[in-house]
Structure formats: C-alpha cells, structure tokens
Amino acid sequence: MTVAASLERSFSVHGLEEAPSRGQRVEAINFQDAALAFLEAHHPQVEAAEVSLLVEDCETGERQCFRVDVATGETAPCD
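On a predicted model such as this, the values are computed, not experimentally measured, just so you know. (Residues numbered from 1 in each chain as written. Predicted model: local features only at pLDDT ≥ 70, side-chain atom pairs only at ≥ 80, totals over all residues. Heavy atoms only, no water.)

## Comments concerning the pattern of salt bridges
- Under the criterion given, the structure shown has four salt bridges.
- The closest approach of N and O atoms between aspartate 57 and arginine 9, which form a salt bridge, is 2.7 Å. With aspartate 57 in strand S3 (residues 50-57) and arginine 9 in strand S1 (residues 9-15), this residue pair connects regions lying 48 residues apart in the sequence.
- Assessed through its relative accessible area of 3%, aspartate 57 is described here as buried. (Salt bridge = Lys/Arg side-chain N within 4 Å of Asp/Glu carboxyl O. Helix = DSSP H or I, 4+ residues; strand = E, 2+ residues; numbered from the N terminus. Buried < 20%, exposed > 50% of the residue type's maximum accessible area, 1.4 Å probe, protein only.)

## A few points about helix H2 (residues 31-42)
- Across its 12 residues, H2 extends 16 Å between first and last C-alpha, which sits within 8% of the 16 Å expected from 1.5 Å per residue.
- Those residues of H2 that sit buried are Phe31, Ala34, Ala35, Phe38 and Leu39. On an axial view of H2, the arc spanned by its buried residues comes to 135 degrees, and they lie on one face. H2 presents Glu40 and Ala41 as exposed residues on the side facing more than 90 degrees away from its buried surface.
- Here the buried face of H2 lies against S1, strand S2 (24-28), S3 and strand S4 (63-69).
- You can read the cap of H2 off the contacts: a side-chain oxygen lies 3.2 Å from the backbone nitrogen of glutamine 32, and it is on asparagine 30. (Expected span 1.5 Å × (residues − 1). Arc of directions from axis to C-beta. Contact = heavy atoms within 4.5 Å. Polar contact = N/O pair within 3.5 Å; in protein donor to acceptor, adjacent residues only side chain to side chain.)

## Description of the pairing of S4
- Inspection of the sheet shows S3 paired to S4 by seven bridges, in the antiparallel sense. Along S4, the bridge assignment pairs valine 51 with valine 68.
- Here S3 folds back onto S4 in antiparallel fashion, the turn holding five residues, of which glycine 61 has a positive phi close to 80 degrees.
- Pairing between S4 and strand S5 (residues 75-77): three bridges, direction antiparallel. Bridged to arginine 67 within S5 is alanine 76.
- As consecutive antiparallel partners, S4 and S5 are separated by five residues, and within that stretch glycine 73 has a phi angle of approximately 80 degrees, a positive value. (Pairing = 2+ DSSP bridges.)

The values reported here are purely geometric and, on their own, carry no functional implication.
Next comes the structure, spelled out in structure tokens:
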C-alpha cells in the first residue's frame, strides 16, 4: 500500500443543482481531488465550460463547493 492510498478518504460528490441523494462516493486525498475524480468517472463528456460540484467528507460531514473548468481541470471555490 502506498502512502497516498493510505491517506485517501471517502467523499460524496454531486452537482450543485442536484439533490445530495444523487451524490457518488469517491475515494480521494482531498476535496479538490475528489471533485476532479468525480468528473472523470461520472461525467466524462460534460458539454458546459464550467461545472459546480458540492463535495462532502463522508467521515466529518465538512462540505466544500468547487467550480471546475472542464477544459483545463482548474478548480476554484464557488462564490
């Protein structure tokens, strides 16, 4: 087991406009990586230029919102 794998934790990720029950579980090191992993695995052909995602740490309940530029993968906090 690598160090990175041992640092991964579970996140629930869904589109900002979607209900939390539509969230998908993603294993990642941090919130930002979870948002990117979600896009790659669950929405690989998004047509919008930007997507807003809500990421929740399954253990702590902490939530963070990200805007992701689909073309570059660049992330920024939601306004």
